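What follows is the residue order along each chain.
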Amino acid sequence: MKRNILVELLTFWKSWHFRPPVNLIAKMKSCLPWKSTGVFATARRQDTTMYAVSADSKGLDTVVGLLADVVLHPRLTDEEIEMARMAIQFELEDLNMRPDPEPLLTEMIHEAAYRENTVGLHRFCPTENIVKIDREMLHSYLQNYYTPERMVLAGVGVEHDDLVECARKHLVGIRPAWGSQTAVDVDRSVAQYTGGIVKLERDMSNVSPGPAPFPELTHIMIGLESCSFLEGDFIPFAVLNMMMGGGGSFSAGGPGKGMFTRLYLNVLNRHHWMYNATAYHHSYEDTGLLCIHASADPRQVREMVEIITKEFISMAGTVDVVELERAKTQLMSMLMMNLESRPVIFEDVGRQVLATRSRKLPHELCALIRDVKPEDVRRVSSKMLRGKPAVAALGNLADLPSYEHIQAALSSRDGRLPRTYRLFR
């Protein structure tokens, strides 16, 4: 996590191997009967990097060979590294200009929750660090982290024995471009939840100019530590997150879009001035974070924060059987719908095997979801509320309550902020 910019550079260019790009396209076309190029992409998460290819199963040997080239034999020329630097510079500038603050707020809430460690380290590279990345540093990163015990080769729609044979041919005993030295500088830190607050004062009045400009909003995200995806409480937390739900102040659709979740019923339907109230659950191998993102006019920040803290407190209260069954049904429906897509199945297989060395099948997960009871939700919520909060705030923060007041509200019975008195108005 200390060198996330390296991963950004590594995953940006899809032609990093010894063969020229034209040969890559020709090889991909040979894998498809209709002579299309297919799909060759990379994806980066907070804790993993994935290289993926979608092609005809008859071209399995060629596809695995291409993946092996891309992963083990990157070219890393000065020209490609410079182009990647320029692309990342553009992405950082775009991040600060876009009206949707969710990616930046997610970065900030992790920084607040895990101060200066593991998933709390910057995923978006500071601009001044981009120029420091060179070929030698990239090879050092690859040597430490692109090792066999940290890799999983997953396939969907192919025979297992055929995939194993291709892996032996293209991956076993192959000398990578950075040499065969053993890893020497691997960060094996375990996430340490700290709690805290990260604030970014910013003028949000001109993020979306035009004939119908976006209103100036202040964005708040409050989070509490949950659990890792390896723990038994992961499923109850997933149900709790679905039960809270939420979204924007306008959403086309009915119950299937989550319009009967708590953040819609208790927040958006009752407080017309709130533009967003959405629950998120981030889960990793050694920790987790459940948070709520809310946005409103800067003059109503204090009231907005109190509404969110009340919703956190209510998580540990009475859980209606009907809303719980609705949340479980919606979670199972979303799980099964997502697994209709082969790329999603591939990611699911890869991530589960990488983390647990095995994979839970959909019907096993559905059985665990059905077993969640109201007392399970209250139990995990009560445990979560005993921890320190993490707070991220973006925009005009003149009326933002202090961190101590937010912490006091989450420790109270009703979630109310402590009253403040001013001698002068």
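Residues numbered from 1 in each chain as written. Predicted model: local features only at pLDDT ≥ 70, side-chain atom pairs only at ≥ 80, totals over all residues. Heavy atoms only, no water.

Colleague: Would you mind going over the overall build of the protein chain with me for this structure?
Modeller: When its secondary structure is counted, the protein chain shows 15 helices and 8 strands. Long-range pairs, those at least 24 residues apart, make up 77% of the contacts in the protein chain between residues at least 6 apart in sequence. (Helix = DSSP H or I, 4+ residues; strand = E, 2+ residues; numbered from the N terminus. Contact = heavy atoms within 4.5 Å.)

Colleague: Is there a simple way to explain the environment of Gln 330 in this structure?
Modeller: As for its placement among the helices and strands, Gln 330 is situated in helix H11 (residues 321-338). As for Gln 330 and Met 242, which are separated by 88 residues in sequence, their C-alpha atoms are 7.5 Å apart.

Colleague: What should I look at first to understand the sheet that holds strand S6 (residues 274-283) in this one?
Modeller: Two pairing modes exist for strands in a sheet, parallel and antiparallel, and in both the strands are linked by backbone hydrogen bonds. Strand order in this open sheet of 6 strands is S3-S8-S4-S7-S6-S5, and the pairing throughout is mixed. Looking at strand neighbours, the two that pair on one side only are strand S3 (196-201) and strand S5 (246-248), the edges of this open sheet. This sheet shows a mean twist of 20° between the axes of neighbouring strands, independent of strand direction. For S5 and S6, the ladder comprises 3 bridges, and the chain directions are antiparallel. Within S6, the position partnered with Gly 246 by the bridge is Thr 278. Most of the contacts of helix H5 (residues 102-113) go to strand S8 (residues 390-395), to which it runs at about 145°, and overall it touches S3, strand S4 (218-225), S6, strand S7 (288-296) and S8. Its contacts with the sheet place helix H8 (residues 234-244) against S5, S6 and S7, and it is angled at close to 170° to S6. (Pairing = 2+ DSSP bridges. Axes fitted to C-alpha atoms, helices over the stretch in contact; angles between N-to-C directions.)

Colleague: Would you explain the side chain of Thr 287 in this entry?
Modeller: Along the chain, Thr 287 falls in the loop between S6 and S7. Taking the relative accessible area as the measure of exposure, Thr 287 reaches 2% and is therefore buried. Reaching out from Thr 287, the side chain makes a polar contact with the side chain of Glu 225 at a distance of 3.4 Å. When near neighbours in sequence (up to four residues on either side) are disregarded, Thr 287 contacts Tyr 114, Val 119, Ala 191, Glu 225, Cys 227 and Ser 228. (Buried < 20%, exposed > 50% of the residue type's maximum accessible area, 1.4 Å probe, protein only. Polar contact = N/O pair within 3.5 Å; in protein donor to acceptor, adjacent residues only side chain to side chain.)

Colleague: I'm lost on the nonpolar core in this one. Help?
Modeller: Side chains of a nonpolar character, in soluble globular proteins, are inclined to be buried together. Counting residues in hydrophobic clusters, the biggest one holds 53 residues, and the most contacted among them are Ile 222, Leu 240, Met 274 and Phe 312. If you look at the next biggest cluster of nonpolar residues, it comprises 21 residues, including Leu 104, Met 108, Ile 109 and Leu 289. (Core = buried A, V, L, I, M, F, W, Y, C linked by side-chain atoms within 4.5 Å.)

Colleague: Would you take a moment to explain the packing of aromatic side chains for this structure?
Modeller: Describing an aromatic ring pair means giving the distance of the ring centres and the angle of the ring planes. Per the counting criterion, the structure on display carries 5 aromatic pairs. Taking the centre distance of 6.4 Å and the plane angle of 85° together, the rings of Tyr 51 and Tyr 146 count as edge-to-face. Remark: Tyr 146 occurs in the loop between helix H6 (135-145) and helix H7 (160-170) and Tyr 51 occurs in strand S2 (residues 49-54); sequence separation between them is 95 residues. In this structure Tyr 146 comes out as buried when scored by relative accessible area, which is 12%. Through a chain of ring-to-ring contacts, the aromatic side chains of Tyr 51, Tyr 141, Tyr 145, Tyr 146 and Trp 178 assemble into a single cluster. (Phe/Tyr/Trp six-rings, centres within 6.5 Å; stacked < 30°, edge-to-face > 60°.)

Colleague: Looking at this structure, how should I read the pairing of S6?
Modeller: Walk down a regular strand and you will see the side chains alternate between the two sheet faces. Of all 10 residues making up S6, 8 are buried, and the element is well covered by its neighbours. Relative to S7, S6 is paired through 9 bridges, and the arrangement is antiparallel. The partner of Ala 279 across the bridge, within S7, is Ile 292. Counting the residues that bridge the hairpin from S6 to S7 gives 4 residues.

Colleague: Any chance you could explain the pairing of S7 here in plain terms?
Modeller: Judged by how many residues are buried, S7 sits mostly within the fold: 9 of 9 residues are covered. What you see with S7 is no split at all: Gly 288, Leu 290, Ile 292, Ala 294 and Ala 296 on one side and Leu 289, Cys 291, His 293 and Ser 295 on the other are buried throughout. Note: S4 against S7, 8 bridges, orientation antiparallel. Bridging across to S7, His 219 finds its partner in Ser 295.

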